[in-house]
Amino acid sequence: MNLFTIPVPSPSSLWITVRLGGAINVVGSFAALWALVKVLRMLRWRVKTTQLLGPPRTSLVYGVSRDIGSSHDRAAVYERWATEYGVAYMTPSVLGQTNVVLCDPKAIAHFYARETWTYVKTPTTLAFLESSVGKGLLWAQGETHRRQRKALTPAFSNAAIRKLTSVFYDSAYKAKGKWDTIIESSKDDDAVIEVQNWMNHISLDTVGIAGFSHDFGSLDGKRVSVAEAFDTFGSNQPSAVHKAFILLASVFPIILKIIPNKRKNLFKELGFTMEQISNELLIRSRREKDANMSQGGEENSLIGLLIKSESQDAELHMSAEEVVAQMKVLLLAGYETTSSESWALIELSRHPDVQTRLREELLAFGPDPTYDQLKANLPYLDAVVHETLRLHPPVPESTRLAAEDDVIPLSEPVRTVSGNMTDSISIAKGTLITISIGAINRSSTIWGPHAKEFKPDRWLIEDGISVKAKEVQGHRHLLTFVDGPRACLGKDFAIIEFKTVLSVLVKNFVFELRDGPDTPIEIVRGILLRPRVAGEDGTGVPLRVRRNFVRS
């Protein structure tokens, strides 16, 4: 070979090669460092966290997460594992992660007492909430959460809700009038009405008037952009690919930002629509305040408190971004948690004896009950409402991340992987903790052998609530509204609205499932979970409704 014919690289190409090699080395170094940090964290986690029994991994990538996600009854899965492995156990999750699942009332009370400080939302949850509803009460943690919650609390006081009860009745009676017209125009004495859609409209109009002094008019048939945005989720169920991305995002939250998908775009559109409406309502309310047109006491309404908090010298100041986020949260909560009313009408249709007894109580009582009477003087209505909330919580489970090391006490010992029994479990920083609200609310171990059945009488008879159920620290021993610093701020608002709507509808109408009492009902995802007739599209609950002509 002639050495003089060997091509000599130019200085510029040599520099590119060197730079490329350097870049590869840097990337390799960072990858090695990332892997080392992961290994060290894993070793620390194994040393500091009590290793519990649990179900075996069914997938190298997803652990058992895909099995849970694809189950028609996730709560039953968690409860079955609790029976097999104990009141605290571990489940293998995505890419080697492990979740600690708590099914013990004492452990859960400890957890909720420390939520938002020791136990915080996961990075994936925070990224999703920030992109959809902003940095409001659902997103906030620690001191930020305490400040925002304290600023909003007066709007949800007993005195505030007492004043709003008439608003709840107005929306319920408006729906009643529309239903009367539908039934009158039918050939028979009844009509098939898709009640879930109507429950959404009742709640949206109620939230608009009660929270923002604005009537959306959805019960009058007005086109409401935010309602249309919410409804698109019911007709666009998450695909298998979307579900896989969501699972992987629990390890790599950036997936939520960089990989496009249809539901992500829907959430983006929903966020934009809610923000646009919130800003319009705020501008109008600020003008009214400046013109001294506000009625006395409005500063204790939600919109009044939000405008008040915008002031730089306010004790509980909120930024403009936070104010808009609170409005988006209320719109979301108001529209998406109405599944409880739909479930109540489904259960009453399945149990005509319960429906008749409830109607008799309401008719015997006479005129529409006041706020205080709704709370204290209609025991069977109260029982039906809380039995519905027990069996059908709108949010079925929650997962949090341990922000620091902790030790969680148990009310009964569990067996560890090593075979030892322990009555407390050590939790290392970075551990994922899951609580299945549905499993605790419907646990046979906690609520007795009839836990899965709709039995309102359990709330009325002596020993109807078991000793074990009374250990659950939450509203009426339920986890539906969770507990601790993050307990649902709008709990009383939601319950009084629920009772008001149900009392008006059950007094005036008789309900049956369209296809008979044995019609199968399945759970599908809107934004939250909702019922629908099995095999049908969307999130419809068609009931056969006829007027009740018996009056006391």
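Remember, predicted model here, so these are calculated numbers, not experimental data.

Rules of the game
Residues numbered from 1 in each chain as written. Predicted model: local features only at pLDDT ≥ 70, side-chain atom pairs only at ≥ 80, totals over all residues. Heavy atoms only, no water. pLDDT = per-residue confidence, 0-100. Contact = heavy atoms within 4.5 Å. Axes fitted to C-alpha atoms, helices over the stretch in contact; angles between N-to-C directions. Helix = DSSP H or I, 4+ residues; strand = E, 2+ residues; numbered from the N terminus. Parallel < 35°, antiparallel > 145°, perpendicular 65-115°, else oblique. Left-handed = near helix turned anticlockwise from the far one by under 90°. Nonpolar A, V, L, I, M, F, W, Y, C, P; charged D, E, K, R; others polar. Core = buried A, V, L, I, M, F, W, Y, C linked by side-chain atoms within 4.5 Å. Buried < 20%, exposed > 50% of the residue type's maximum accessible area, 1.4 Å probe, protein only. Pairing = 2+ DSSP bridges. Phe/Tyr/Trp six-rings, centres within 6.5 Å; stacked < 30°, edge-to-face > 60°. Lys NZ or Arg CZ within 6 Å of the ring centre and 35° of its normal. Polar contact = N/O pair within 3.5 Å; in protein donor to acceptor, adjacent residues only side chain to side chain.

Asks: Which residues make up the confidence of the model for the chain, and what are the values?
Replies: Per-residue confidence for the chain gives a mean pLDDT of 88, with 89% of residues at or over 70. Low pLDDT (under 50) marks residues 1-6, which in the prediction has one contact with non-local residues, meaning those over four places away or in another chain.

Asks: I'd like to hear about the packing of helix α12 (residues 262-290) against helix α14 (residues 320-336), residue by residue, with values.
Replies: Direction vectors running N to C along α12 and α14 enclose 115 degrees, while the axes themselves pass 9 Å from each other. Considering their axes alone, α12 and α14 lie roughly perpendicular with respect to each other. The handedness of the crossing between α12 and α14 comes out as right-handed. In contact with Gly 271, Met 274, Glu 275, Ser 278, Asn 279, Leu 281 and Leu 282 of α12, α14 contributes Val 323, Val 324, Met 327, Lys 328, Leu 331 and Leu 332. A breakdown of the residues in the contact of α12 with α14 according to their chemical character gives eight nonpolar, three polar and two charged.

Asks: Could you give an account of the nonpolar core, with specific residues and numbers?
Replies: Ranked by internal contacts, the top residues of the largest apolar core, which has 140 residues, are Leu 102, Trp 179, Phe 212, Leu 358, Ile 425 and Leu 502. Once residues within four sequence positions are removed from consideration, Phe 212 is found in contact with Val 207, Leu 281, Arg 284, Leu 302, Ile 303, Met 327, Leu 330 and Leu 331.

Asks: Describe the sheet that holds strand β12 (residues 542-547), with residues and values.
Replies: If you trace the three strands from one edge of the open sheet to the other, you get β4-β12-β9, paired in antiparallel fashion. The sheet is open, and its two borders are formed by β4 (190-194) and β9 (509-513), each paired with just one other strand. Across the sheet, the mean angle from the axis of one strand to that of its neighbour is 35 degrees, orientation sign disregarded. Of the pairings in the sheet, the one linking β4 to β12 comprises five bridges and is antiparallel in character. Counterpart to Ile 193 in the pairing with β12 is Leu 543. Most of the contacts of helix α8 (residues 195-212) go to β4, to which it runs at about 65 degrees, and overall it touches β4 and β12. Lying on the sheet, helix α15 (residues 339-350) is in contact with β9 and β12; it crosses β9 at an angle near 80 degrees.

Asks: Got a sec to walk through the packing of aromatic side chains? Specific residues and values, please.
Replies: A full pass over the atoms with the stated rule returns 14 aromatic pairs. A connected cluster of aromatic rings, assembled from ring pairs, spans Tyr 78, Trp 81, Tyr 85 and Tyr 89. In this structure, Arg 390 is placed above the aromatic ring of Trp 447, and the distance from its NZ or CZ to the ring centre is 5.3 Å.

Asks: Could you give an account of unusual backbone geometry, with specific residues and numbers?
Replies: Excluding glycine, most residues fall at negative phi; most peptide bonds, likewise, are trans. In this structure, Thr 116 is a non-glycine residue whose phi angle is positive, near 80 degrees. In this fold, Thr 116 is placed in the loop between α4 (105-113) and β3 (119-121). With a phi close to 50 degrees, Val 482 is a non-glycine residue in the positive phi region. Locating Val 482 in the fold gives a position in the loop between α20 (444-447) and α21 (491-508). For Val 482, a relative accessible area of 17% corresponds to the buried category.

Asks: Now, about the packing of helix α18 (residues 379-391) against α21: what can you tell me, with residues and values included?
Replies: For any two helices packed against each other, the geometry is given by the interaxial angle and the distance between the axes. Two numbers describe how α18 lies on α21: the axes approach to 10 Å, and their chain directions differ by 120 degrees. Judged by the angle between their axes, α18 and α21 are oblique. When the axes of α18 and α21 are compared, the crossing they make is right-handed. Residues Leu 381, Asp 382, Val 384, Val 385, His 386, Thr 388 and Leu 389 of α18 touch α21, and the partners they reach there are Ile 495, Phe 498, Lys 499, Leu 502 and Ser 503. Among the residues making up the contact of α18 with α21, the classes are represented as seven nonpolar, three polar and two charged.

Asks: Report on the pairing of strand β11 (residues 529-533), specifying residues and quantitative values.
Replies: Within β11, five of the five residues are buried, leaving the element largely enclosed by the surrounding structure. Here β11 shows a buried face lined by Leu 529, Pro 531 and Val 533 and a second buried face lined by Arg 530 and Arg 532. Pairing geometry for strand β10 (residues 521-525) and β11, over five bridges, is antiparallel. Of the residues in β11, the one forming a bridge with Ile 521 is Val 533. Where β10 folds back onto β11 in an antiparallel hairpin, the turn is made up of three residues.

Asks: Report on the pairing of strand β5 (residues 397-402), specifying residues and quantitative values.
Replies: One ladder, built from three bridges, connects β3 with β5; its direction is antiparallel. Each residue of the ladder has a partner; that of Val 120, found in β5, is Leu 401. Across five bridges, the pairing between β5 and strand β8 (residues 432-436) is antiparallel. Bridge pairing in β8 places Ser 398 opposite Ile 435.

Asks: Describe the environment of Ser 250, listing the residues and the values that go with them.
Replies: Locating Ser 250 in the fold gives a position in the loop between α10 (240-249) and α11 (255-258). Ser 250 has contacts with Val 94, Gln 97 and Thr 124, leaving out every residue within four places of it along the chain.

Asks: Residue-level account of α4, with values.
Replies: α4 sits mainly inside the fold: seven of its nine residues count as buried. All of the buried residues in α4 are Pro 105, Ala 107, Ile 108, Ala 109, His 110, Phe 111 and Tyr 112.

Asks: I'd like a rundown of the side chain of Thr 116, residues and numbers included.
Replies: Judged by its relative accessible area of 4%, Thr 116 falls in the buried class. Among the polar contacts made by the side chain of Thr 116, one reaches the main-chain amide nitrogen of Gly 142 at a distance of 2.9 Å. Residues contacting Thr 116, with those up to four places away along its chain left out, are Ala 140, Gln 141, Gly 142, His 145, Pro 485 and Arg 486.

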